[in-house]
There are 2 protein chains.
Amino acid sequence: MHAFPKSSVTVDLIVFTITDNSLKVLLIKRGIEPFKNMWALPGGFVLEDESLEDAAKRELVEETGVKDIYLEQLYTFGEPGRDPRGRVITVAYFALINSQIQKIRASTDVSEAQWYSVNKIPKLAFDHKKILDYGLQRLRWKLEYTTVGFQLLPKTFTLSQLQNIYEIILHKQLDKRNFRKKLLSLDIVEESGEFTEGVSHRPAMLYKFKKRIGEIIEIL
Amino acid sequence: MHAFPKSSVTVDLIVFTITDNSLKVLLIKRGIEPFKNMWALPGGFVLEDESLEDAAKRELVEETGVKDIYLEQLYTFGEPGRDPRGRVITVAYFALINSQIQKIRASTDVSEAQWYSVNKIPKLAFDHKKILDYGLQRLRWKLEYTTVGFQLLPKTFTLSQLQNIYEIILHKQLDKRNFRKKLLSLDIVEESGEFTEGVSHRPAMLYKFKKRIGEIIEIL
DNA sequence: CCAAAAGTGTTAGTGATACACCCATGT
DNA sequence: ACATGGGTGTATCACTAACACTTTTGG
């Protein structure tokens, strides 16, 4: 029988949002060694008495001030040598924040936090580039085959806003009529009765997601 | 800044195979406490200098004697209290073994190893029931949308054998003509030129998977 | 009246489903 | 000759993809 080796376990968060017609990821500038002053995914150690998901939620609140958002376990990275401090295993989570609530808060070991467009990611600490790429892949996949996309929108939204999210994340143009036809046939949104206001063109109907906020369904 | 708490990290394996027209999972009877003499998923502690995947492969060889089989990370379970020995985080992997090679070997802390049909699973140690259910769900999903199914077959196989695997795992009947039409249209198998022998009915063409063994492709 | 985004239908093609009979072999 | 599983084609239906003009508002 082997001894029971122990490792440090962390959670890392890939927090996505959409602003200015671009998909953004939250990065923090590390305030401590190792990789001090380098950009990294937010994250931290899992405490003794909390579950992995609780740890992810706690870090999210500590570093962004938001809670009750969509959170999903992504993958666990545990190559020996991925952290110079010794054996550290990290469980990566990905989170989606809607474009309204992004008041980022700084925490103890975070000197700075910032949204970066996924096309302009600086060099990242640890193996965070790899983790981020994996998260992006998962996001694209989930967007096509589930309703996660709604998590990036406020409670009511126009169909064009929704289509925009798809176009930005999948970076391809979609046909407006086909998009709407498909979406409406799924019977997962309903008209709110309200319209956009103050736009210098025809106002758009605001829709709402029929399902519970946070609920994701497969649309294969 | 928090202290850096340490946890034990294990890998658990969900090893599937198909025999006797039934989907089987490998279970071991625990030779040591906790849960001594209870059935559990094979697995063990991750050593200091090995990656998670290496740990999974090592355990697989130790407990089944097989290597070079399909292995995929499933999910990481880390509820506090899931192991009475203290905080233990487990990274679950799932593996598929083809029906030829299942010579199970016993290892030090394993008093017995056995294939159990997924319909007749005994009470399991720890939260292994939950882990197994998750693995089953993933297997069904992957079977429908990727080519993992081939991992359960020997190098050459008949189309009926393949269809059988689908029917067993998804537990529903499939139409023979449609199944073959779809499969052949994907252009991922080719005739080997050989036929089954010694059957008391028309011999069947043996096909082989065009891709590298172990390669999985999406067929959405 | 101009600019800007909202909204709306039809057609053609592709893939999915449903369905029944003949073939090759061993006993 | 019979039992057993192997092997094949066609018609219908549902979904996807391509495509262009009219509407409503603010300035």
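Residues numbered from 1 in each chain as written. Chains lettered and ligands numbered in written order. Predicted model: local features only at pLDDT ≥ 70, side-chain atom pairs only at ≥ 80, totals over all residues. Heavy atoms only, no water.

Engineer: Teacher, can you tell me more about the interface of chain A and chain B here?
Structural biologist: Size of an interface: often given as the accessible area lost when the parts come together. The partner chain B presents 34 residues to the 34 residues of chain A that form the contact. Where chain A abuts chain B, roughly 3100 Å² becomes buried across the two surfaces, and 62% of that area is made up of carbon and sulfur atoms. Contact with chain B buries surface across chain A, with P5(A), K6(A) and R87(A) losing the most and accounting together for 17% of the total. Across the contact surface, chain A and chain B share zero salt bridges. Summed over the shared surface of chain A and chain B, the result is eight residue pairs in polar contact (both at pLDDT 80 or more). Of all the secondary-structure elements, those providing two or more residues to the side of chain A that touches chain B are β1 (6-19), α1 (52-64), β5 (70-77), β6 (88-96) and α2 (128-145) of chain A. Its residues placed into classes, the side of chain A that touches chain B shows 17 nonpolar, seven polar and 10 charged. (Contact = heavy atoms within 4.5 Å. Buried area = accessible area lost by both parts, 1.4 Å probe. Salt bridge = Lys/Arg side-chain N within 4 Å of Asp/Glu carboxyl O. Polar contact = N/O pair within 3.5 Å; in protein donor to acceptor, adjacent residues only side chain to side chain. Helix = DSSP H or I, 4+ residues; strand = E, 2+ residues; numbered from the N terminus. Nonpolar A, V, L, I, M, F, W, Y, C, P; charged D, E, K, R; others polar.)

Engineer: Help me understand helix α4 (residues 176-186) of chain B in this model?
Structural biologist: Residues lying three or four places apart along an α-helix face the same way, a consequence of the helix completing one turn every 3.6 residues. Of the residues flanking the start of α4(B), the one acting as N-cap is D175(B), its side-chain oxygen 3.1 Å from the backbone nitrogen of R177(B). In the stretch just after α4(B), D187(B) is the one whose phi turns positive, near 60°.

Engineer: Help me understand the relation of the copies chain A and chain B, please; the structure alone is not making it clear to me.
Structural biologist: Two chain copies, one operation linking them: a rotation about an axis together with a shift along it. Note on the copies: chain A fits chain B at an RMSD of 0.1 Å, the axial shift is 0.0 Å, and the rotation between them is 180°. Such a combination of rotation and displacement between the chain copies is what one expects of a two-fold axis. With an isologous cut-off of 70% or more, the 100% of interface residues of chain A that recur at the interface of chain B puts this contact in the isologous class. (Least-squares fit on C-alpha atoms with pLDDT ≥ 70 in both.)

Engineer: Explain the protein's contact with DNA strand C here, please?
Structural biologist: Not every one of the 21 residues close to DNA strand C is listed here, only the nearest: K176(A), R180(A), M205(A), N178(B) and V199(B). Of all DNA strand C atoms lying within 4 Å of any protein atom, the proportion belonging to sugar or phosphate reaches 42%. A distance of 2.9 Å separates a phosphate oxygen of DNA strand C from a polar atom in the side chain of S160(A). Side-chain polar atom of R180(A) to a phosphate oxygen of DNA strand C: 2.6 Å apart, as the coordinates give it. The residue inventory of the surface near DNA strand C, partitioned by class, reads five nonpolar, six polar and 10 charged. (Near = heavy atom within 4 Å.)

Engineer: How should I be thinking about unusual backbone geometry in this particular structure?
Structural biologist: All names here are of chain A. For the bond running from E33 to P34, omega is -5°, close enough to zero to count as cis. Structurally, P34 is set in the loop between β2 (22-30) and β3 (39-40). Backbone geometry places D20, a non-glycine residue, at a positive phi of 50°. Tracing the backbone shows D20 in the loop between β1 and β2. By relative accessible area, D20 is classed as exposed at 68%. (Buried < 20%, exposed > 50% of the residue type's maximum accessible area, 1.4 Å probe, protein only.)

Engineer: Is there a simple way to think about the packing of aromatic side chains in this case?
Structural biologist: Each aromatic ring pair is summarised here by two numbers: the centre-to-centre distance and the angle between the ring planes. Using the criterion set out here, one finds 23 aromatic pairs over all chains in the structure. Ring geometry for F150(B) and F209(B): centres 4.3 Å apart, planes at 15°, overall stacked. Of the two residues, F150(B) is situated in the loop between α2 (128-145) and β8 (156-157) and F209(B) in strand β10 (residues 205-209); the sequence distance between them amounts to 59 residues. Connected via pairs of aromatic rings, a cluster forms that spans W141(A), Y145(A), W141(B) and Y145(B). (Phe/Tyr/Trp six-rings, centres within 6.5 Å; stacked < 30°, edge-to-face > 60°.)

Engineer: What am I meant to see in the environment of A125(B) here?
Structural biologist: Residues and elements named next belong to chain B. Residue position: A125 is located in the loop between β7 (110-117) and α2. Look at A125 and you get buried, because its relative accessible area is 0%. Each C-alpha atom, one on A125 and one on I89, is 15 Å from the other, the two residues being 36 residues apart in sequence. Among all residues touching A125, those that are not within four sequence positions of it are R30, F35, M38, W39 and A40.

Engineer: Can you walk me through the sheet that holds β8(B) in this structure?
Structural biologist: Pairing in this open sheet of three strands is antiparallel, and the strands run β8-β10-β9 (chain B) from one edge to the other. Single-partner strands in this sheet number two, and they are β8 and β9 (189-195) of chain B. (Pairing = 2+ DSSP bridges.)

Engineer: Got a minute to help me understand the domain arrangement of chain A in this structure?
Structural biologist: All names here are of chain A. Under the domain assignment, chain A is made up of domain 1 (8-143) and domain 2 (148-209). Averaged C-alpha coordinates put domain 1 and domain 2 at centres separated by 28 Å. Counting from both sides, the interface comprises 16 residues of domain 1 and, opposite them, 13 residues of domain 2. Three residues stand out in domain 1 for area buried against domain 2, namely I18, R140 and L143, and they jointly supply 46% of the buried area on that side. (Domains from an automatic or database assignment.)

Engineer: What is the right way to look at the pattern of salt bridges in this model?
Structural biologist: Pairing is possible between side chains that carry opposite charge, provided their charged atoms lie close to one another. Taken as a whole and judged by the stated rule, the model has 27 salt bridges over all chains. Between D127(A) and R82(A) there is a salt bridge; the shortest N-O distance is 2.8 Å. Of this pair, D127(A) sits in the loop between β7 (110-117) and α2 while R82(A) sits in the loop between β5 and β6, and the two are 45 residues apart along the sequence. Here D127(A) matches R82(A) in class, with each residue buried. Among the ionic pairs, D83(B) bridges to R85(B), the shortest N-O distance being 2.7 Å. If you follow the salt bridges from partner to partner, you end up with E50(A), R58(A), E59(A) and E62(A) in one network.

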